Amino acid sequence: MSVLVVGAVNVDLVVHTPRIAPPGETIIATGSTTVAGGKGGNQAVAVSRLGGACALVARVGAGFDYGSLDGVDVTRVRQDPAPTGLAVVMLDARGENAITVVPGANANLAPDDVGELTGAGVVLASLEVPLETVAEAGRRAAAAGWTFVLNPAPTGPLPSSLLAQVDVLVPNEHELALLGPPETLLARGVGAVIVTLGSAGCRVHRPDSVTEFPAHPVRAVDSTGAGDAFCGALAWALDAGRDLDDAVRLACAAGALATRDVGARASLPTAAEVTALAASLRA
């Protein structure tokens, strides 16, 4: 079995600032760092770091460093005439962030880039790439009997035809406010809705139940990659045959561990680290 990630690859410019400036205000930063990023790249590396077999569907510009996707199958990553995407990450002293993305090559990811699906596995997609490509990934996942996990970030109105293909939807609180109540999303065909709540953990909505999962207490340095680590670990665990509750517990641990260092990939955890932290909370 394997995980196929459909999403963006970016170069992240992380700007360190005492606080995130409101509109109209200028703040002097304390430094900056350039690291690999993009939700697709982050999620794929998260799966690989956990020991899962993972392929990435993405587009990058000339001169892209494929070494930043260590352990990921990049045979479906295409070089595009546009430059590799860019994300500017404002990171404050509390580890909170505000992110602006310049899509670049990501905007040209096409439905045909998804390719064929054989065997069994999990498709994990996010919305930093064209919606029609994500919809095609959902169609192919459904046709092949793969589990389709959608991280609707950045979010916007989603067609019912796409939602009907989604086995697990993973929005944060802000995205959920734009998408509508979990009950509505479930009524439109989503199998389960996992609402990530940052330091408050997450909440899993099913048609017949709602389950709360607490967060793991960690000293957060940078929350930029926490959501991607969560989604990558969730896909990895589901692909390994875990039930949804067990997969969510492991994903919560992965998300917490991913905040330990600056950069979306700097502290992506191993399977041993995730398993140990998840077990400590249940003990």
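Going by the structure above, here's the rest.
Position numbers for residues count from 1 along each chain, tracking the sequence in the order it is written. Totals for whole chains, interfaces and linings use all residues, but because this is a predicted model, local features are given only for residues with pLDDT of at least 70 and pairs of side-chain atoms are given and counted only at 80 or more. To get the side-chain values, all heavy atoms of the structure are used, and hydrogens and water are removed first.

A.B. asks: What's the story with the sheet that holds strand S13 (residues 209–213) in this structure? I'm lost.
C.D. replies: Two modes of strand pairing occur in sheets, parallel and antiparallel, and in both the strands are linked by backbone hydrogen bonds. The strand order across the open sheet built from 9 strands is S5-S4-S1-S8-S9-S10-S11-S12-S13, with neighbouring strands paired in mixed fashion. Both outer strands of the open sheet, strand S5 (77–79) and S13, are each paired with one neighbouring strand and no more. Examined bridge by bridge, strand S11 (residues 192–196) and strand S12 (residues 202–206) share 4 bridges and lie antiparallel to one another. Of the residues in S12, the one forming a bridge with Val-195 is Arg-203. A contact between two residues is defined here by any heavy atoms of the two lying within 4.5 Å. Lines fitted to C-alpha atoms define the axes, with helix axes restricted to the stretch in contact, and inter-axis angles between N-to-C directions lie between 0 and 180 degrees. Note on conventions: DSSP H or I runs of at least 4 residues are helices, E runs of at least 2 residues are strands, and numbering of each starts at the N terminus. The sheet strands contacting helix H7 (residues 244–257) are strand S10 (168–169), S11, S12 and S13, and the helix crosses S12 at an angle near 160°. At least two bridges found by DSSP between two strands are what make those strands a pair.

A.B. asks: It is not clear to me how helix H6 (residues 226–239) should be interpreted in this structure. Could you clarify?
C.D. replies: Structurally, the α-helix is built with 3.6 residues per turn, so residues lying three or four positions apart point the same way. The span expected for a helix works out to 1.5 Å for each residue beyond the first. Taking 1.5 Å per residue, 14 residues should reach 20 Å; H6 reaches 20 Å between its end C-alpha atoms and fits that length. Think of it in three bands: residues with accessible area under 20% of the maximum for their type are buried, residues over 50% are exposed, and the middle band is partly exposed, with areas taken using a 1.4 Å probe on protein chains only. Buried residues dominate H6, accounting for 13 of its 14 residues. Downstream of H6 by one or two residues, Gly-241 has phi in the positive range, about 95°.

A.B. asks: How do you make sense of the packing of H6 against H7 when you look at a structure like this?
C.D. replies: Geometrically, a packed helix pair is captured by the angle between its two axes and the distance between the axes. Where H6 contacts H7, the axes come no closer than 8 Å and their chain directions differ by 145°. The interaxial crossing formed by H6 with H7 has right-handed handedness. For the pair H6 and H7, the contacting residues are Ala-226, Ala-229, Phe-230, Ala-233, Leu-234, Trp-236, Ala-237 and Leu-238 in the first and Leu-244, Ala-247, Val-248, Leu-250, Ala-251, Cys-252, Ala-254 and Gly-255 in the second. Throughout, the ten residues Ala, Val, Leu, Ile, Met, Phe, Trp, Tyr, Cys and Pro are labelled nonpolar, Asp, Glu, Lys and Arg are labelled charged, and all others, Gly among them, are labelled polar. Split by residue class, the contact of H6 with H7 holds 15 nonpolar, 1 polar and no charged. Should the near helix be turned counterclockwise from the far one by less than a right angle, the crossing is left-handed, whereas a clockwise turn marks it as right-handed.

A.B. asks: Please explain the nonpolar core as it appears in this structure.
C.D. replies: The nonpolar side chains of a soluble globular protein tend to be buried, and buried together. We define the nonpolar core as a collection of buried residues of types Ala, Val, Leu, Ile, Met, Phe, Trp, Tyr and Cys that are connected through side-chain atoms lying within 4.5 Å of one another. Counting residues in hydrophobic clusters, the biggest one holds 50 residues, and the most contacted among them are Leu-56, Ile-194, Leu-234, Leu-244 and Val-248. Not counting the four nearest positions on each side in its chain, Ile-194 is found in contact with Val-168, Leu-169, Val-170, Pro-171, Cys-202, Arg-203, Val-204, Phe-230, Leu-234, Leu-244 and Val-248. Core analysis: the next-biggest nonpolar cluster, separate from the first, contains 32 residues, Val-6, Val-166, Leu-185 and Leu-186 among them.

A.B. asks: Where do I start with the environment of Ala-53 in this structure?
C.D. replies: Turning to its location among the elements, Ala-53 is positioned in the loop between helix H1 (39–49) and strand S4 (54–60). Overall, the relative accessible area of 44% leaves Ala-53 in the partly exposed class. When the C-alpha atoms of Ala-53 and Leu-13 are compared, they prove to be 28 Å apart, with 40 residues separating the residues in sequence.

A.B. asks: Sorry, what's going on with the side chain of His-205 here?
C.D. replies: In this fold, His-205 is placed in strand S12. The buried category is assigned to His-205, whose relative accessible area is 7%. Of note is the side chain of His-205, whose polar atom sits 2.9 Å from the side chain of Arg-203. Discounting chain neighbours no more than four positions away, the residues touching His-205 are Pro-182, Glu-183, Leu-186, Ala-192, Val-193, Val-195 and Val-210. As used in this structure description, the phrase polar contact means that two N or O atoms lie within 3.5 Å; if the pair is within protein, one of them must be able to donate a hydrogen and the other to accept it, and residues adjacent in sequence are counted only when both atoms belong to side chains.

A.B. asks: Sorry, what's going on with the environment of His-16 here?
C.D. replies: Take His-16: it is sitting in strand S2 (residues 10–16). Sequence separation between His-16 and Val-74 is 58 residues, and the spatial gap between their C-alpha atoms is 31 Å.

A.B. asks: How should the packing of H1 against H6 be read in this particular structure?
C.D. replies: For the pair H1 and H6, the least separation of the axes is 8 Å and the interaxial angle reads 50°. Classified by the angle their axes make, H1 and H6 are oblique. Viewed along their axes, H1 and H6 form a crossing whose handedness is right-handed. Contacts between H1 and H6 involve Lys-39, Asn-42, Gln-43, Ala-46 and Val-47 from the first element and Asp-228, Ala-229, Cys-231, Gly-232 and Trp-236 from the second. Angles are sorted into four bins: roughly parallel if under 35 degrees, roughly antiparallel if over 145, roughly perpendicular if 65 to 115, and oblique for all others.

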